[in-house]
Amino acid sequence: MLRDKPTQPVQRQRPPPRPDSDPLAAVLLPPPDETPDARERRLRAEEEAKQRSENIDRMIRDSERHQRRKKVVKVLLLGQSESGKSTTLKQFQLLHTPAAFHAERIAWRFVIYLNLVRSIRRIIEAIMPEDAQGADDLDDFDSNETASIIITSNGCGPSNASHVPTSAYDGYRRRLSPLLPLEQRLIQQLSDPEDNEEQEPTHLPSPPLHSPSSFSMASTSTATLALSSSAPGRPAPRIMIPNGTVSSPTSPVSPSEELTVRVTSNWKKAFSALGKNQSPKSAHSGELQGWWEDPDDPVHIINRCAPVMSELWRDVRVRHRLAEKRLRLQESSGFFLDEIDRITAKMYFPTDEDVLKARLKTTGVVEHTFSLSKSSEFRGVDWKIYDVGGSRSQRHAWAPYFDDVNAIIFLAPISAFDQVLTEDPDTNRLEDTIFLWNSVVSNKLLANVNIVLFLNKCDLLKAKLQSGVKLKQHMTSYGDRPNDYDSVSKYFRHKFLALHQSFTPNKARELFIHMTSVTDTRKTHTIITNVRDIILTGNLRSSSLM
Ligand SMILES: Nc1nc2c(ncn2[C@@H]2O[C@H](COP(=O)(O)OP(=O)(O)OP(=O)(O)O)[C@@H](O)[C@H]2O)c(=O)[nH]1
Ligand SMILES: [Mg+2]
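Being a predicted model, the structure only gives us computed values, none of them experimental. (Residues numbered from 1 in each chain as written. Chains lettered and ligands numbered in written order. Predicted model: local features only at pLDDT ≥ 70, side-chain atom pairs only at ≥ 80, totals over all residues.)

**Focus on the overall build of the protein**
Here's step 1: Each helix and strand counted, the protein has 18 helices and eight strands in total.
Here's step 2: Out of the 546 residues in the protein, the part that is buried amounts to 39%.
Here's step 3: When contacts within the protein are restricted to residue pairs at least 6 apart in sequence, long-range pairs at least 24 apart make up 76% of them. (Helix = DSSP H or I, 4+ residues; strand = E, 2+ residues; numbered from the N terminus. Buried ≥ 20, exposed ≤ 12 C-beta atoms within 10 Å, placed from the backbone. Contact = placed C-beta atoms within 7 Å.)

Set out below in structure tokens:
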């Protein structure tokens, strides 16, 4: 009979290696005549070496754990063109990497000049006498100039229009004509900073100066430019100057065409290539090198034209004409018109606020990574933000990012309820925003993505309502509710929330809504810190990393 015997683990002692069979062991053996002192020193040295080795092992283990823990949270900024996406990204940069933001401020000087010059040109075009418009074949100008036109009549119709006299118009146009080649030069420098050999569709035909069409150019004030390098493997972002073309009858480019200007590497470098001495030694220290001593620097033309620009902007006849045409330049880059003296000063250096207000249209997708290493709670987390172009021609680039995005910040510019799209004058901006919002919240790919809604441009909404513009004339569903900021903003909040509740495929998703004016740094920093923490906590928790 076979009986199971309880098996005992067999412990076999391996015999110590014989020194003569292991040359290394033989070498490591202490000398046979080792004194007690020498033995003491040897043991101490061995102990120290062991400690060092253990420390190194621990460091390697920590580093591996840290690498395993490293998490990237990806955030996509979405919304129509001019909704404030890039401005929000600038606020993230200002909050997380202020030194880099400040160091780049100088490069924005040229964007701001371009914004100012284009605003001036819009004014000149708006005050153009009708007979001159006919002569210049500009009848369709207004239909392109839609970015900030109020489309509902406020009682000032063409019947009671007061024109700026032709002589005044001609005088302004003649005295401001040096701005035209300056604009051309800025655009050309942007389009081809290093390699003038390469031909891109960037070379604008120069109209004859002082001709009737000298100022009949762009129909928008938005000089546009990609902000930074695109994600690896994706096409490089390009500068876009919408409608930035000469509409002289001889021009080969139509006034409504979007002109594309290529930026090869770094647009900031391109701008700083415009003068010999314009880079500051340090943007912070005030040790500025004197670009104003360079006779080729654009500041000289801008500075010489400043008195006429101010005169034009202050001219009551001009203001009347702009009001009649319902052109609200302050809602776009016209912000700089109120600052002509400061902006055109020879030693002008852009402030943070100037950079936030400078308008550059984004094309392609701009990616920025912020490392949150200093924050103890989110140590080792990278915060990756994608800023996309919002105009219709750019929206096809959004979808590839839906796959692995963790959160979306959607910008809805609620002040735009009475404006139409630049790219489609038949579409109301708010209607377009609501359409986009519905598409985003109903998207199944995004069902588990956190969504944060910024009801943006609240400062402009407040000013618009105070100036008497009535929401109900543009949104009949608003009915007879009061036309004040509190009621209107509450109404928009409910509307967007209700649309989310109706269309979301994930009824459990919480929606975070903020009333924002993203050009306001103090308030925006509080909001984005809050939003960042909510997004990070939610995402790290769901991936069990917290
Ligand atoms: N007053 C005010 N201006 C704003 C606000 N948000 C953005 N802007 C301005 O509106 C303009 C357009 O903002 P951007 O951030 O360039 O818009 P975007 O969404 O990036 O536009 P695209 O790049 O064309 O998609 C800029 O001149 C901003 O300074 C706001 O809340 N208030
Ligand atoms: Mg942008």
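Next comes the rest of the write-up.
**Describing the packing of helix α16 (residues 458–466) against helix α17 (residues 485–503)**
Packed helix pairs are characterised by how far apart their axes lie and by the angle those axes make with each other.
Here's step 1: Following both chains from N to C, one finds α16 and α17 inclined at 130 degrees, their axes separated by 10 Å at the closest point. The pairing of α16 with α17 is recorded here as oblique in orientation. In the packing of α16 onto α17, the handedness of the crossing is right-handed. Contact with α16, carried on its side by Cys458, Leu461, Lys462 and Leu465, involves Tyr485, Val488 and Ser489 of α17 and no other residues of that element.
Here's step 2: Considered class by class, the residues forming the contact of α16 with α17 number five nonpolar, one polar and one charged. (Axes fitted to C-alpha atoms, helices over the stretch in contact; angles between N-to-C directions. Parallel < 35°, antiparallel > 145°, perpendicular 65-115°, else oblique. Left-handed = near helix turned anticlockwise from the far one by under 90°. Nonpolar A, V, L, I, M, F, W, Y, C, P; charged D, E, K, R; others polar.)

**With respect to the nonpolar core**
Here's step 1: Formed by 50 residues in total, the largest nonpolar core has its most connected members in Leu77, Ile408, Ile409, Phe410, Ala412 and Phe454.
Here's step 2: Top contributing element to this core by residue count: strand β6 (residues 407–413), with six residues.
Here's step 3: Setting aside its immediate chain neighbours within four residues, Phe454 contacts Ile409, Phe410, Leu411, Ala412, His514, Thr516 and Val518.
Here's step 4: Core analysis: the next-biggest nonpolar cluster, separate from the first, contains 42 residues, Ile127, Leu179, Leu312 and Ile340 among them. (Core = buried A, V, L, I, M, F, W, Y, C linked by C-beta atoms within 7 Å.)

**Description of the site of ligand 1**
Here's step 1: If you check the shell around ligand 1, you find 24 residues, and the closest are Ser81, Gly84, Ser86, Thr362 and Gly390.
Here's step 2: Elements supplying a minimum of two residues to the shell around ligand 1: α3 (85–96), α14 (352–357) and α16.
Here's step 3: In terms of residue count, the dominant contributor to the shell around ligand 1 is α3 (three residues).
Here's step 4: Each residue belonging to the shell around ligand 1 can be placed in one class, and the counts come to three nonpolar, 14 polar and seven charged. (Near = placed C-beta within 6 Å.)

**A closer look at the UniProt feature "binding site: Mg(2+)" (unreviewed entry) in the protein**
Here's step 1: When the UniProt feature table is mapped onto this chain, "binding site: Mg(2+)" (unreviewed entry) is found at Thr362.
Here's step 2: By secondary structure assignment, the location of Thr362 is in the loop between α14 and β4 (365–371). (UniProt positions renumbered as here; feature names shortened; annotations may be inferred.)

**Focus: the UniProt feature "binding site: GTP" (unreviewed entry) in the protein**
Here's step 1: On the UniProt side, "binding site: GTP" (unreviewed entry) is annotated at positions that read Leu356, Lys357, Ala358, Arg359, Leu360, Lys361, Thr362, Asn456, Lys457, Cys458 and Asp459 here. Across 104 residues of sequence, these annotated residues are also dispersed in space, with a maximum C-alpha separation of 22.8 Å.
Here's step 2: Residues within four places of Lys357 in sequence aside, it is in contact with Phe335 and Thr519.
Here's step 3: By C-beta crowding, Thr362 is classed as buried, having 26 other C-beta atoms within 10 Å.

**Overview of the pairing of strand β5 (residues 381–388)**
Here's step 1: Summarising burial for β5: six of the eight residues are buried, a large majority.
Here's step 2: Where strand β1 (residues 71–78) meets β5, seven bridges bridge the pair, whose relative direction is parallel. Note that in β5 the partner of Val75 across the bridge is Ile385.
Here's step 3: Sheet topology places β4 next to β5; seven bridges connect them, and they run antiparallel. In the strand pairing of β5, Phe370 is matched with Trp383. (Pairing = 2+ DSSP bridges.)

**Quick word on the sheet that holds β1**
Here's step 1: Reading across from one edge, β4-β5-β1-β6-β7-β8 is the order of the six strands in this open sheet, with mixed pairing throughout. Among the strands making up the open sheet, the edge pair consists of β4 and β8 (511–515). With strand direction ignored, the average angle separating the axes of adjacent strands in the sheet is 20 degrees.

**What about helix α11 (residues 299–314)?**
Here's step 1: In this model α11 runs 22 Å from its N-terminal to its C-terminal C-alpha over 16 residues, within 8% of the 22 Å that 1.5 Å per residue would give.
Here's step 2: Where α11 bends most, at Ala306, the angle is about 45 degrees, and the proline Pro307 comes one to four residues later.
Here's step 3: Residues of α11 that are buried include every one of Val299, Ile302, Cys305, Met309 and Leu312, and no others. (Expected span 1.5 Å × (residues − 1). Bend = angle between axes of the 7 residues up to and from the residue.)

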